[in-house]
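Architecture and fold: a report
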Amino acid sequence: MGEIIKLFRIHQYIKNLFIFLPLLFSFSFSDSQDNLNVLVAFLLFSLLASSIYIFNDLLDINEDRAHPTKRNRPLASGSVSKSTAISLMLILSTTSLGISLLFNTELFTVLLIYFLLNIAYTLKLKHIAILDIFIIASGFVLRLFAGSSVTEIPLSMWIILMTFLLALFLALAKRRDDVLLSLEGQETRKNIDGYNLEFVNASMVLMAGVVIVSYLMYTISPEVEGRLGTEHLYLTSFFVILGIFRYMQITFVEEDSGSPTKVVIRDKFLKLTILFWLISFIAIAKLT
C-alpha cells in the first residue's frame, strides 16, 4: 500500500495550492461557500494530477531506471505492477473528471484541458526542448483558472503573468539538474540535447529578473492600489526577491534543483520566506 501511495506523488500537491491564489489576491476568504468550492477543486485537481503522474511513470519506466533517484519510483523499481498502475490511473482520472462535470462545468473544462495537455506532453511534447517548460508553466496557469472557475473571481493579467513567469523559472531550474546529470554521462531525457548549461543559466537569470520586475509592477499598479486601498504593497517585494535569490543559490551553488516541490518542502529558508511574504501581504493589504 505504501508503494501504491507513492505513485500518487502527494508531495506534488503543493503545486495545486495555486488554486487558492484567486481567493488570496481578492481577499474573499469570508465567503464559506467559495472556500468549500476551492477545496473541492483542489482535491479534484490533485486526483487528476496523480493520474497523470502514474501515466508518466508508465511511459518513462526505462528512463527512470537510468536516473539516480527516479529509479526508486514504484514502477521503475518493480514494486508496483503495470496493471495495477493502469487501473489506478483510470480510476483517478474518471473520478476526478466525472465529479467535476457534476460539480462545476467550467472546472470540468479546465481539468479536461489540463488532462489532455499533459497526456500530449507525456506522449510527445515533453521531448521538444523549450516547448516542454512552456507546457509545465501553462499547467500552473490552469490551476489559477480552476480556482477562478469555482469562485467566479476574475483573474487579473498580473496574477496570470507572474504565475506563468515563476513557473518557467522553476521549470528551467529542474532542466538544469537534468543537464548536470547528462554532463556526468547520465542521459535521462530525450530532449536534453536542446539544453546546455550556458543556455539554462542565462535563461534562469533572465526569468528571475522578469519575475521580480513583474511583481514590482503589480504592487505599484493603480489597479491594485485602488482595489486593495494601499500604496505600500511594494514592501512585500523584499520577500519575493529574497525567495528568488535563495532558490538561485540552491540551484547554482548547491546544485540541488531537481524537484522544485521537494526543495520548497525541505528548505526552511524558503518556507520562512514564503510565510513572511504571506503575512506581510495580508497585513499591508488589510491594515493600511
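Structural data are supplied above this passage.
**Overview of the overall build of the protein chain**
- Helix and strand counts for the protein chain stand at 14 helices and zero strands.
- Helices and strands appear in the protein chain in the N-to-C order α-α-α-α-α-α-α-α-α-α-α-α-α-α.
- Here the C-alpha atoms of the protein chain give a radius of gyration of 19 Å, agreeing with the 19 Å that 2.2 N^0.38 yields for 288 residues.
- With respect to the three principal axes, the spread of C-alpha positions in the protein chain is 55 × 50 × 30 Å.
- Relative to its 288 residues, the protein chain shows a buried fraction of 51%.
- Counted over contacts in the protein chain with a minimum sequence separation of 6, partners at least 24 positions apart contribute 71%.
- Working note: accessible area of the protein chain is about 13,700 Å², and carbon and sulfur atoms make up 68% of it.
- Taking the average location of the 23 positive side-chain charges in the protein chain and that of its 23 negative ones, the two points are 7 Å from each other.

**Focus on a nonpolar patch on the surface**
- On the surface, Ile 128, Ile 130, Leu 131, Phe 134 and Phe 199 cluster together to form a nonpolar patch covering roughly 390 Å² of accessible area.
- Summarising the element assignment, Leu 131 is placed in helix α8 (residues 131-151).
- Residue class for Leu 131 comes out partly exposed when judged on its relative accessible area of 36%.

**A few points about the packing of aromatic side chains**
- Counted under the stated rule, the structure contains 13 aromatic pairs.
- Seen from their ring centres, Phe 18 and Phe 140 are 5.1 Å apart, and the 80 degrees between their planes marks the pair as edge-to-face. Of this pair, Phe 18 sits in the loop between α1 (2-8) and α2 (21-26) while Phe 140 sits in helix α8, placing them 122 residues apart in sequence.
- Residue classification places Phe 18 among the buried positions, given a relative accessible area of 18%.
- Connected via pairs of aromatic rings, a cluster forms that spans Phe 25, Tyr 215, Tyr 218, Trp 277 and Phe 281.
- The lysine or arginine in question, Arg 143, covers the ring of Phe 140, its NZ or CZ lying 5.0 Å from the ring centre.

The rules behind these values
Residues numbered from 1 in each chain as written. Predicted model: local features only at pLDDT ≥ 70, side-chain atom pairs only at ≥ 80, totals over all residues. Heavy atoms only, no water. Helix = DSSP H or I, 4+ residues; strand = E, 2+ residues; numbered from the N terminus. Rg over C-alpha atoms; globule rule 2.2 N^0.38 Å. Buried < 20%, exposed > 50% of the residue type's maximum accessible area, 1.4 Å probe, protein only. Contact = heavy atoms within 4.5 Å. Areas by Shrake-Rupley, 256 points an atom, 1.4 Å probe, with all protein chains shown as cover. Lys, Arg positive; Asp, Glu negative; His and termini not counted. Charge placed at Lys NZ, Arg CZ, Asp CG, Glu CD. Patch = residues over 30% accessible without salt bridge, like charges linked within 9 Å, V, L, I, M, F, W, Y side chains within 5 Å. Salt bridge = Lys/Arg side-chain N within 4 Å of Asp/Glu carboxyl O. Phe/Tyr/Trp six-rings, centres within 6.5 Å; stacked < 30°, edge-to-face > 60°. Lys NZ or Arg CZ within 6 Å of the ring centre and 35° of its normal.

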